[in-house]
Number of protein chains: 2
Amino acid sequence: MDSIFSDRIADVPRSFIREILKVALDHSFISFGGGLPNRALFPVEEIKVAAVKVFDTFGSDVLQYADSEGLKVLRELVSRRYKEKKGLDIPPDRILITTGSQQGIDLMGKALVNEGDDVVIDEPCYLAAIQAFSLYRPKFHPVPMNENGMNVGIFKKLMSKIKPKLIYTVPNFQNPSGISYSEATRRAMAGVISGTKSILLEDDPYGEIRFAGKQLPSFMTMIPDNTVMLGSFSKIVSPGVRLGWLVAPPALMEKVLIAKQAADLHTSNYIQSIVYQYMIDNDVEKHIKKICECYGRQCQAMMDSIREFCPSSVTHSRPEGGMFLWATMPEGASSRQLLDLAVKEKVLFVPGDPFYIGKKDSNTMRLNFTCSNEAEIRMGIERLGTAMKKLLK
Amino acid sequence: MDSIFSDRIADVPRSFIREILKVALDHSFISFGGGLPNRALFPVEEIKVAAVKVFDTFGSDVLQYADSEGLKVLRELVSRRYKEKKGLDIPPDRILITTGSQQGIDLMGKALVNEGDDVVIDEPCYLAAIQAFSLYRPKFHPVPMNENGMNVGIFKKLMSKIKPKLIYTVPNFQNPSGISYSEATRRAMAGVISGTKSILLEDDPYGEIRFAGKQLPSFMTMIPDNTVMLGSFSKIVSPGVRLGWLVAPPALMEKVLIAKQAADLHTSNYIQSIVYQYMIDNDVEKHIKKICECYGRQCQAMMDSIREFCPSSVTHSRPEGGMFLWATMPEGASSRQLLDLAVKEKVLFVPGDPFYIGKKDSNTMRLNFTCSNEAEIRMGIERLGTAMKKLLK
């Protein structure tokens, strides 16, 4: 039956992470494999209140069809928060509400990418972005990351040769690496992109989950005509609402809106209303602070445990926010083999290779620190250390 | 800036219906232009209860990331209802929950259609399906409808020449025509498709909203290996939840699931839980009966009013369910010109041409009867009759 499929779908591999998540349902495992926020921090009572109150605020129309752009008051709220938190002037009509920021990635691929078009990505790169773009069959140009973000030298050299449609980045606390782009990297890249027709897609789902360091300027402040931003309520409210947004220049917005309509007409009006009501009725900034403090402690527990239990040859990134830490074993060590050993110790992680284009194995791995408490993190890293010692002996 | 766009997005026109919906916000207008269910029938109190109760049933995980396939108990519920209502055996693992059935259309395009592939559609055809498929740049083959559905003679002749990837149909109370495929049409088409590799996409958002006639066999009972079904909670619960489903053969499901993950990871877990809770806690069949009775009266009011107020040369379909009626003026009359006159009378409808491929005008129009009460329908058709008399004088 395979012949009936489109070429675009035949190319995409099944998600390795999905498979790992299924094993993780066995509760004797400690999993650093998923990318889940800590559910203990979900504002359950507040959401219950909002889900009822929206009918007083908006009437029964919260259950009706609605505009593809998204709920106006919610777009205004996103606009206000950009002003207050980042000093950015983003009018509401440049904001499109999406069904999670994942949809923003897909819509950008749909609106911009022809088969064979050049798309620049970080290496390693957010896996679901690789998958979403793959469906539009681009030519990927992975640029290796260093501790300051995308390697600027390699990026400059690449940009002298190609005119990419898209440059995809997660500049704050990247998934999978936990690395943030330095200000120098941002400015240097912006300088190269300025004046070209390339669109830099600034995916920022974790931006507000900062527990160390200071906020750095968004690409939107440096190259507004070339930047599309993605934001998400997944990490500040909860992922189960599937609610995000996209900020685009007007000419691009018109096309993205067509893609949005074709994709799902609009994002659930009821969910949009609930999140709006929740956001205006509660001290959200205090809640975000609580999330940041919790994740900061969990990240610290993971770094401390790695030092305590893992071989000293293992290095790792030092995230200032977000949900992930990236660990690197000595050159030549196999994180796929490590996973086999780790499963026996009942601990899970994601080997690094799926975050690269065309790699089958690597000496790297992604460790999530948000979905286990500090005691579990310590126990899990102890198990991982045991597995590493067996592998590297 | 246009050169940066993908070829697929450059081709798609802005939705005419969207523009009409914006005018419809002026309350002195009576609009038959939208495709909105009657909000007076939304189960507001029941949804409020469900939105709170789900936290007792499922815990805080309703706000967490979830499986791309959709909530298992909801898929089991859809499976049970197929058995009870249509006698169909559809195991839950052949059901994918989608963000509205519109997403099902998009996912099918994504999973199956290469540029230039043949796609057969009804003429006229559901507009948002044309838009969604257009993004994958197929070659459309519109087959004219008669009062029994797709013209079987033309379909047979076409199928002797091409091997389409997809045949898109809305066999029950089609949008825009209100026409249902007869049993003979279904069987004849199934006979032609059986044994080929073509997929018939049986889009059935209105199937349960039947107020006259009797249920006819689904293509799924006749050619299960060639059929993909789409269903929706939009008309039986409410559209604002953006919740639908897709039923596919296993080999196809695997590919559709990849497209779903790339599109939005999964549909809101919270919304899925709410609709599940609503469905099991309430007498949904009684509620659907109430919707059917209401829409039946509204449809009858529209047909009676057309006879009373419109020129006798105007004919129309006689829907047995759904939300739309299709009116036809004498050959050569322009429904675009009619719309200009109708706007002056403060009544709106959708001219027929956007439902065709490449047509700029026609003598046809779509009239929605679900979003106005019987008195409004009578008044609106009286206004429309005035406009028609001016046009056809």
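**Focus: the domain arrangement of chain A**
How big an interface is tends to be stated in terms of the accessible area lost upon association of its parts.
All names here are of chain A.
Next up, step 1: Splitting chain A by domain gives domain 1 (2-31 + 286-392) and domain 2 (59-281).
Next up, step 2: For domain 1 versus domain 2, the separation of C-alpha centres amounts to 25 Å.
Next up, step 3: Contacts between the two partners involve 28 residues from domain 1 and, on the opposite side, 28 residues from domain 2.
Next up, step 4: Within the residue set of the side of domain 1 that touches domain 2, elements represented by two or more residues are helix H1 (7-10), helix H12 (284-309) and strand S11 (324-328).
Next up, step 5: The element that contributes the greatest number of residues to the side of domain 1 that touches domain 2 is H12, accounting for seven residues.
Next up, step 6: When the residues that make up the side of domain 1 that touches domain 2 are grouped by side-chain class, the tally is 17 nonpolar, six polar and five charged.

**As for the interface of chain B and chain A**
Next up, step 1: Opposite the 62 residues of chain B that make contact, chain A presents 62 residues.
Next up, step 2: Of all the secondary structure elements, the ones that give two or more residues to the side of chain B that touches chain A are helix H1 (7-10), helix H3 (44-58), helix H5 (101-112), helix H6 (127-134), helix H10 (250-264) and helix H11 (269-281) of chain B.
Next up, step 3: At eight residues, the largest contribution of residues to the side of chain B that touches chain A is made by H10 of chain B.
Next up, step 4: Of the residues assigned to the side of chain B that touches chain A, the class counts are 33 nonpolar, 16 polar and 13 charged.

**Some remarks on helix H4 (residues 72-86) of chain A**
All names here are of chain A.
Next up, step 1: The terminal C-alpha atoms of H4, which comprises 15 residues, lie 21 Å apart, in line with the 21 Å expected from a rise of 1.5 Å per residue.
Next up, step 2: Here H4 has its buried residues at Leu74, Arg75, Val78, Ser79 and Tyr82. All buried residues of H4 fall inside an arc of 145 degrees around its axis, so they share one side. Turned more than 90 degrees off the buried face of H4, the exposed positions are Arg80, Lys83 and Glu84.
Next up, step 3: Tucked inside the fold, the buried residues of H4 contact strand S2 (95-98), strand S8 (227-232), strand S9 (244-247) and helix H11 (269-281).
Next up, step 4: One or two positions beyond H4, positive phi appears at Gly87, with a value near 70 degrees.

**Section: the sheet that holds S9 of chain A**
Residue and element names in this part refer to chain A.
Next up, step 1: Read across the sheet, eight strands follow the order S2-S9-S8-S7-S6-S3-S4-S5 without closing on themselves; strand pairing throughout is mixed. Strand pairing shows two members of the sheet lacking a second neighbour, S2 and strand S5 (149-150), which therefore form its edges.
Next up, step 2: Sheet topology places S2 next to S9; four bridges connect them, and they run antiparallel. The residue bridging Leu96 from the neighbouring strand is Leu246, located in S9.
Next up, step 3: Against the sheet, helix H7 (residues 152-159) contacts strand S3 (118-123), strand S4 (139-146) and S5, and its axis sits at roughly 155 degrees relative to S4.

Criteria and thresholds
Residues numbered from 1 in each chain as written. Chains lettered and ligands numbered in written order. Predicted model: local features only at pLDDT ≥ 70, side-chain atom pairs only at ≥ 80, totals over all residues. Domains from an automatic or database assignment. Contact = placed C-beta atoms within 7 Å. Helix = DSSP H or I, 4+ residues; strand = E, 2+ residues; numbered from the N terminus. Nonpolar A, V, L, I, M, F, W, Y, C, P; charged D, E, K, R; others polar. Expected span 1.5 Å × (residues − 1). Buried ≥ 20, exposed ≤ 12 C-beta atoms within 10 Å, placed from the backbone. Arc of directions from axis to C-beta. Pairing = 2+ DSSP bridges. Axes fitted to C-alpha atoms, helices over the stretch in contact; angles between N-to-C directions.

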